[in-house]
Amino acid sequence: MDNILKKIDAIFCLPLREKEILLSRLEKVELPKCHLLMSTDKVERYVYFIEKGVARAYCNTEKKEVTICFGEEGDVMLSFLSFFNGQPGYEFIELLEDSTLYRISSQILQKLYAEHIVLANWGRKFAEQELLKTEERFMSLQFKNATQRYRELLEKQPSLIQRVPLGQIASYLGVTQVTLSRIRAGIK
């Protein structure tokens, strides 16, 4: 649970009592590679913390799957549309490795927010961080070229290059696999 504790503290340092309350509500689950944590046809009821493994969020278009983000050890995966609005999300979330996760139901987490102002502040800080990551991703896609986006991925999540199929990385970068191969060759 070390990765989860680091993530919780990185978001907002909780007093011991509230941290224990939050941790006591987490449920450990071990799931196999290729397991779909979330799909577009249902409201997702859980927030997942990744202790071990890699996941990706993606959307289906008429022509292909488009990877929108990856999560690895210490990251949190959820459908914001399900969590905040109680609606089916627009994304699928798939495990790319056998994974150990900790989950908490959205209902319990919302109840904790209502009962503990410190946990509500922790949740607000988490939402702020996720919003900033989303903005960075948007700006990267809008204003950086594919080579710059690849270098950024290497800097921020270097282990993904060894753990994720190149086709999914290419999709995340918004390029074809052939273009990604050219970028990689040019960097070496």
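About the cut-offs
- Residues numbered from 1 in each chain as written.
- Predicted model: local features only at pLDDT ≥ 70, side-chain atom pairs only at ≥ 80, totals over all residues.
- Heavy atoms only, no water.
- Helix = DSSP H or I, 4+ residues; strand = E, 2+ residues; numbered from the N terminus.
- Buried < 20%, exposed > 50% of the residue type's maximum accessible area, 1.4 Å probe, protein only.
- Contact = heavy atoms within 4.5 Å.
- Areas by Shrake-Rupley, 256 points an atom, 1.4 Å probe, with all protein chains shown as cover.
- Lys, Arg positive; Asp, Glu negative; His and termini not counted.
- Charge placed at Lys NZ, Arg CZ, Asp CG, Glu CD.
- Salt bridge = Lys/Arg side-chain N within 4 Å of Asp/Glu carboxyl O.
- Phe/Tyr/Trp six-rings, centres within 6.5 Å; stacked < 30°, edge-to-face > 60°.
- Axes fitted to C-alpha atoms, helices over the stretch in contact; angles between N-to-C directions.
- Parallel < 35°, antiparallel > 145°, perpendicular 65-115°, else oblique.
- Nonpolar A, V, L, I, M, F, W, Y, C, P; charged D, E, K, R; others polar.

Visitor: What exactly am I supposed to notice about the overall build of the protein chain here?
Guide: Counting secondary structure elements, the protein chain contains 9 helices and 8 strands. For the C-alpha atoms alone, the extent of the protein chain along its principal axes is close to 50 × 35 × 30 Å. Across the 188 residues that make up the protein chain, the buried fraction comes to 46%. Long-range pairs, those at least 24 residues apart, make up 70% of the contacts in the protein chain between residues at least 6 apart in sequence. Of the roughly 10400 Å² of accessible surface on the protein chain, a fraction of 53% belongs to carbon and sulfur atoms. Charge separation in the protein chain, taken as the distance between the mean sites of 27 positive and 25 negative side-chain charges, equals 4 Å.

Visitor: Looking at this model, I keep getting lost on the pattern of salt bridges. Mind explaining?
Guide: When the charged atoms of two side chains with opposite charge come close together, those side chains can pair. Overall, the coordinates contain 16 salt bridges when judged by the stated rule. Of the charged contacts in the structure, one is a salt bridge between E94 and R56, with a shortest N-O distance of 3.0 Å. Here the residue E94 occupies a position in strand β7 (residues 92–95), and R56 occupies one in strand β4 (residues 55–60), the gap between them amounting to 38 residues. R56 shares its class with E94; the two are buried. Residues K156 and E136 are paired through a salt bridge, measuring 3.1 Å at the closest nitrogen-oxygen approach. On the criterion of sequence distance, the pair formed by K156 in helix α6 (residues 146–156) and E136 in helix α5 (residues 117–143) is long-range, its members being 20 residues apart. Exposure remark for K156: the relative accessible area of 46% places this residue in the partly exposed category. In this structure E136 comes out as partly exposed when scored by relative accessible area, which is 44%.

Visitor: Mind showing me how you'd approach the packing of aromatic side chains here?
Guide: Aromatic ring pairs are described here by two measures, namely the spacing of the ring centres and the angle between the planes. Evaluated as defined, the whole model comprises 7 aromatic pairs. Between F49 and W122 the ring centres are 6.5 Å apart and the planes differ by 25 degrees, which places this aromatic pair in the stacked class. Remark: W122 occurs in helix α5 and F49 occurs in strand β3 (residues 46–52); sequence separation between them is 73 residues. For W122, a relative accessible area of 2% corresponds to the buried category. Summarising the aromatic geometry, the rings of F80 and F84 are spaced 5.9 Å apart at their centres and angled 10 degrees between planes, so their arrangement reads as stacked.

Visitor: Help me understand the side chain of S140, please; the structure alone is not making it clear to me.
Guide: Structurally, S140 is set in helix α5. With relative accessibility at 4%, the residue S140 sits in the buried group. Every residue in contact with S140, bar those within four places of it in the chain, is listed here: R149 and E152.

Visitor: In this structure, what is going on with the packing of helix α2 (residues 16–24) against α5? I would like to understand it.
Guide: The axes of two packed helices give the description: the angle between them and the distance between them. The contact between α2 and α5 brings their axes to 9 Å, and the two run at 70 degrees. Here α2 is positioned roughly perpendicular relative to α5, judged by the angle of their axes. Contacts from E18, I21 and L22 of α2 reach α5 at V118, L119 and W122. When grouped by side-chain class, the residues that make up the contact of α2 with α5 number 5 nonpolar, no polar and 1 charged.

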